[in-house]
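# Descriptive analysis of the structure
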Amino acid sequence: MSLTRIYGLFLRHFYLITRSFPRILDLVYWPSIQITLWGFISNFFATHTTYYNNAVGVILTCAILYDFLFRTSIGFNMLFLEEIWSRNFTNLFIAPMRIGEILTSLVITALIRSLIGLIPAILLTSPLFGISILDLGIFLFFLFLSLYFFGITLGILVSSGLLRFGPSFENIAWSTMFLLAPFGCIYYPIETLPEIFQKIAYLLPLVYIFEEARNILINQTVNIENVYYAFMWNAFYFSLSIALFYYSFNAAKNKGTLINMGE
Amino acid sequence: MKNLIEVKNIKKNYGKKEAVKGISFNVEEDEILGLLGPNGSGKTTTIGMLLGLLKPTSGQIFINNLKLEENRIEILEMINFISPYIELPKKLTVKQNLYVYSKLYKVKNIKERIEYLSEKLRIGELLNSITGELSSGQKNRVSLAKALVNEPKVLLLDEPTASLDPEVGDFVRTFLEEYKKEKKISILLASHNMNEVTRLCKSVLMMKNGEIVDQGKPEDLITKHGRTNLEEVFLKLSRSKSESN
């Protein structure tokens, strides 16, 4: 065993981390997010033990909805990352494709990928657990649509980061959803969050989607306002992500990232 | 002869670093222009700007009389690029890759185009092979097929025969000579292989530290610098500043 060689290999990775802001960010926020998310979940179940007594499928339904969001977002990022991993990135960007064409193609492909994963999951819940996500009725469509748009929005935002920072932004791509999960109120009502976190959560479409899913399943009522706000925030963030993608593309052309996609 | 590439005083700065310092050159129809220079001389940056992947800090680029800045899509439809540093998706078959890129370039008669290129580049038996499983020489010919799928008027080649054995390298060079002659296209060739440049190029540009330090026909440069071949000229020009320092 050579300490010099061990130290040499350590340095190889240490230098990489210290030269990359996304890698440092990834190291710092990941444990904090995990603790925060599970802290809120534990806190909620400790103080509201009877909340879900009459709605066995609520947690599972929310898990499926969240998974759809996760798959859509990651699916979009994966499509972008595939081009980097296969060193095909430059070929794609020298093809006569408009940015809108690239994005539209990725958006459609991401939807198909997500549905391939979602449909078997929905079909499994009924025979295995005796519940059906279809209990959400016609509003299920609007909730899925809203989640799809937000997933795509996150995908576009992360892809903008990949354009701007290169492959070192990849770790962020994998963990974006976990960053937002505590604010999304996926498994607990928004009242569980501290007041300052509630204010942040209300700025995201997620809280309206999951609050509405619980509302329909537990109270058997529909609050159309939740659906409306989810779409409003989605429209805002989607527009923002498109603008940021164009900005990042132009920044990459200035910086040279498009011809130099290394680590 | 008509100029298919016109580069007018382009500069590229990365912050305070001047990667390309105001260079100008033209490439005529039916011409191969060699772009030579040591590593870091600005060749890749220049090619990146011609492909629209990099925005020049100043200056103008015209391809087939169209200004690149204002006609990016129209220009990308008529140019293509090959480099050993970029690859096609490895998991797709050769045929799938060529089909995908034919679609991206809106090629008409895709089947006929792939058949034509397969025959010319001897990749017919590779069409159903997985691209990632090909040898370097086979991958090179497939990449060349992709670069020609849109029948480009302008072809940018960055080290097109790097890492190829002499037989495959010679095949690629012969193919390029014949294809250029047949289609009257313009080729900008960046290479460190001086024999290749001497054989293929009508004229060459010598770059160093982001500037064009000399240019002309290979034989004229050899005479001008009192050397016996282009490699010696390259070495003389590459070392000139460090010697004076």
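Residues numbered from 1 in each chain as written. Chains lettered and ligands numbered in written order. Predicted model: local features only at pLDDT ≥ 70, side-chain atom pairs only at ≥ 80, totals over all residues.

### Thoughts on the overall build of chain B
Check the secondary structure of chain B and you find 9 helices and 10 strands. The C-alpha atoms of chain B give a radius of gyration of 18 Å, which matches the 18 Å a tight globule of 245 residues would have. Seen through its C-alpha atoms, chain B measures out along the principal axes to roughly 55 × 40 × 35 Å. Here chain B holds 245 residues, and 43% of them are scored as buried. Counting contacts in chain B only where the partners sit at least 6 residues apart, residues at least 24 apart contribute 66% of the total. (Helix = DSSP H or I, 4+ residues; strand = E, 2+ residues; numbered from the N terminus. Rg over C-alpha atoms; globule rule 2.2 N^0.38 Å. Buried ≥ 20, exposed ≤ 12 C-beta atoms within 10 Å, placed from the backbone. Contact = placed C-beta atoms within 7 Å.)

### Some thoughts on the overall build of chain A
Counting its regular elements, chain A contains 10 helices and 0 strands. Order of helices (α) and strands (β) in chain A, N terminus to C terminus: α-α-α-α-α-α-α-α-α-α. In terms of principal-axis extent, the alpha carbons of chain A reach across some 60 × 50 × 40 Å. Residue burial in chain A is summarised as follows: out of 263 residues, 37% are buried. Restricting to contacts in chain A with at least 6 residues of sequence separation, those with at least 24 account for 77%.

### What to know about the domain arrangement of chain B
Residue and element names in this part refer to chain B. On domain assignment, one finds that chain B holds domain 1 (3–78 + 153–244) and domain 2 (87–151). Look at where the C-alpha atoms of domain 1 and domain 2 centre, and you get two points 25 Å apart. On the domain 2 side, the residues contacting the 8 residues of domain 1 number 9 residues. With 3 residues, the top contributor of residues to the side of domain 1 that touches domain 2 is helix 6 (residues 166–183). Split by residue class, the side of domain 1 that touches domain 2 holds 5 nonpolar, 1 polar and 2 charged. (Domains from an automatic or database assignment. Nonpolar A, V, L, I, M, F, W, Y, C, P; charged D, E, K, R; others polar.)

### Considerations on the interface of chain B and chain A
Residue-level contacts link 19 residues of chain B with 16 residues of chain A. The set of elements that each furnish at least two residues to the side of chain B that touches chain A consists of helix 1 (43–50), helix 2 (72–76) and helix 3 (94–104) of chain B. Residues belonging to the side of chain B that touches chain A are distributed by class as follows: 13 nonpolar, 2 polar and 4 charged.

### Details of the pairing of strand 2 (residues 17–28) of chain B
Each regular strand shows side chains that alternate between the opposite faces of the sheet. Residue and element names in this part refer to chain B. Here strand 1 (residues 3–14) runs beside strand 2; their pairing, made up of 9 bridges, is antiparallel. Residue pairing across strands places I10 opposite I23, the latter belonging to strand 2. Count of turn residues in the strand 1/strand 2 antiparallel hairpin: 2 residues, of which G15 carries a positive phi of about 65 degrees. (Pairing = 2+ DSSP bridges.)

### Let's talk about the pairing of strand 9 (residues 203–208) of chain B
Residue and element names in this part refer to chain B. The buried fraction of strand 9 amounts to 5 of the 6 residues, a majority that puts the element mostly inside the structure. As paired strands, strand 3 (residues 32–36) and strand 9 are joined by 4 bridges and run parallel to one another. Each residue of the ladder has a partner; that of L33, found in strand 9, is S203. Summarising the sheet, strand 9 and strand 10 (residues 211–216) pair through 5 bridges and their orientation is antiparallel. Note on strand 10: the bridge partner recorded for L205 is Q215. Linking strand 9 to strand 10, which pair antiparallel, is a turn of 2 residues; within it N209 sits at a positive phi near 50 degrees.

### Overview of the sheet that holds strand 8 (residues 186–190) of chain B
Residue and element names in this part refer to chain B. The strand order 6-7-8-3-9-10 describes an open sheet built from 6 strands, whose pairing is mixed. On the outer flanks of this sheet lie strand 6 (79–82) and strand 10, each paired with one strand and no other. Strand-to-strand twist of the sheet, defined as the mean angle between neighbouring strand axes without regard to direction, takes the value 20 degrees. Together, strand 3, strand 7 (154–158), strand 8 and strand 9 form the strand contacts of helix 1, whose direction differs from that of strand 7 by roughly 150 degrees. (Axes fitted to C-alpha atoms, helices over the stretch in contact; angles between N-to-C directions.)

### What about the environment of F89 of chain A?
In this structure, F89 of chain A sits in helix 4 (residues 89–94). With 169 residues separating them along the chain, F89 of chain A and L258 of chain A place their C-alpha atoms 7.6 Å apart.

### Structural notes on the packing of helix 3 (residues 58–85) of chain A against helix 5 (residues 99–129) of chain A
Residues and elements named next belong to chain A. Remark: helix 3 packs on helix 5, axes separated minimally by 8 Å, with the N-to-C direction vectors making an angle of 155 degrees. With respect to helix 5, the axis of helix 3 lies roughly antiparallel. In terms of crossing hand, the pair formed by helix 3 and helix 5 is right-handed. In this structure, helix 3 contributes L60, I64, D67, F68, R71, T72, G75, F76, L79 and F80 to the contact, and helix 5 contributes L106, T109, A110, R113, S114, G117, L118, A121, I122, T125 and F129. Among the residues making up the contact of helix 3 with helix 5, the classes are represented as 12 nonpolar, 6 polar and 3 charged. (Parallel < 35°, antiparallel > 145°, perpendicular 65-115°, else oblique. Left-handed = near helix turned anticlockwise from the far one by under 90°.)

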